[in-house]
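Residue-level structural notes
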Amino acid sequence: MKVGPTLDGRLRIDAEDEDDWFLLGCIAKDAAGDSLAERYGEIMDGEVAEDWREYVVPDLAEQFEGKVVGVQRAIDEAREGGSGQIWVTRETAFDWYGALNLARLALEERYRFGPGRVLKRANQDPERYFAYIRSGFYSAIQSMLLGNLMK
């Protein structure tokens, strides 16, 4: 897979084989398991926490889900179109950033990689190691989004 900024201010993702499509498809799968909207409310107590769950969580969860659905739609359209190219614009950059962030946070919640921790492939559970690789991939794309489209 190749990912990089273009001269016209977009980010281009080129999926070159089935492994690339699989990796891109993991964004939505990883993000889907996260309940970030609810976890935000865990620091609150009593009535405030109840109000958060009742009034804020549904809208926030819907916003998060919308980002993930938009990203998955872009991936599906590129794959079905046969070009293998996904274009991220300034208008869609926040959705991509949000979906990638949800996926990374969900992976961190599940596997507890920790900040700055480097996992070596040897002696690692393959599922955990692949999750670590995905998290790094998501972070790299987020960095490109921040540096090129979200200035």
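Thresholds, definitions, all that
Residues numbered from 1 in each chain as written. Predicted model: local features only at pLDDT ≥ 70, side-chain atom pairs only at ≥ 80, totals over all residues. Heavy atoms only, no water. pLDDT = per-residue confidence, 0-100. Helix = DSSP H or I, 4+ residues; strand = E, 2+ residues; numbered from the N terminus. Phe/Tyr/Trp six-rings, centres within 6.5 Å; stacked < 30°, edge-to-face > 60°. Buried < 20%, exposed > 50% of the residue type's maximum accessible area, 1.4 Å probe, protein only. Lys NZ or Arg CZ within 6 Å of the ring centre and 35° of its normal. Expected span 1.5 Å × (residues − 1). Bend = angle between axes of the 7 residues up to and from the residue.

**Points about the confidence of the model for the protein chain**
Model confidence for the protein chain is summarised by a mean pLDDT of 89, while 93% of its residues fall at 70 or above. Ranking the elements of the protein chain by mean pLDDT puts helix 2 (residues 36-40) last with 63 and strand 2 (residues 11-14) first with 98.

**Regarding the packing of aromatic side chains**
By the definition in use, this model includes five aromatic pairs. Ring geometry for Phe22 against Phe130: centres 6.1 Å apart, planes inclined by 20°, an arrangement best described as stacked. Remark: Phe130 occurs in helix 5 (residues 126-148) and Phe22 occurs in helix 1 (residues 18-32); sequence separation between them is 108 residues. Residue classification places Phe22 among the partly exposed residues on the basis of a relative accessible area of 47%. Connected via pairs of aromatic rings, a cluster forms that spans Tyr111, Phe113, Tyr129 and Tyr132. Here Arg10 stacks its cationic end above the ring of Trp87, 4.0 Å away from the centre of that ring.

**Considering helix 3 (residues 46-81)**
In this model, helix 3 (36 residues) spans 51 Å end to end at C-alpha, consistent with the 52 Å of a helix rising 1.5 Å per residue. In the structure, helix 3 departs most strongly from a straight axis at Val56, where the bend amounts to approximately 45° and where the proline Pro58 lies between one and four residues downstream. Considered for burial, the residues of helix 3 that qualify are Ala49, Trp52, Val57, Leu60, Phe64, Val68, Val71, Gln72, Ile75 and Ala78. At the exit of helix 3 stands Gly82, carrying a positive phi of roughly 80°.

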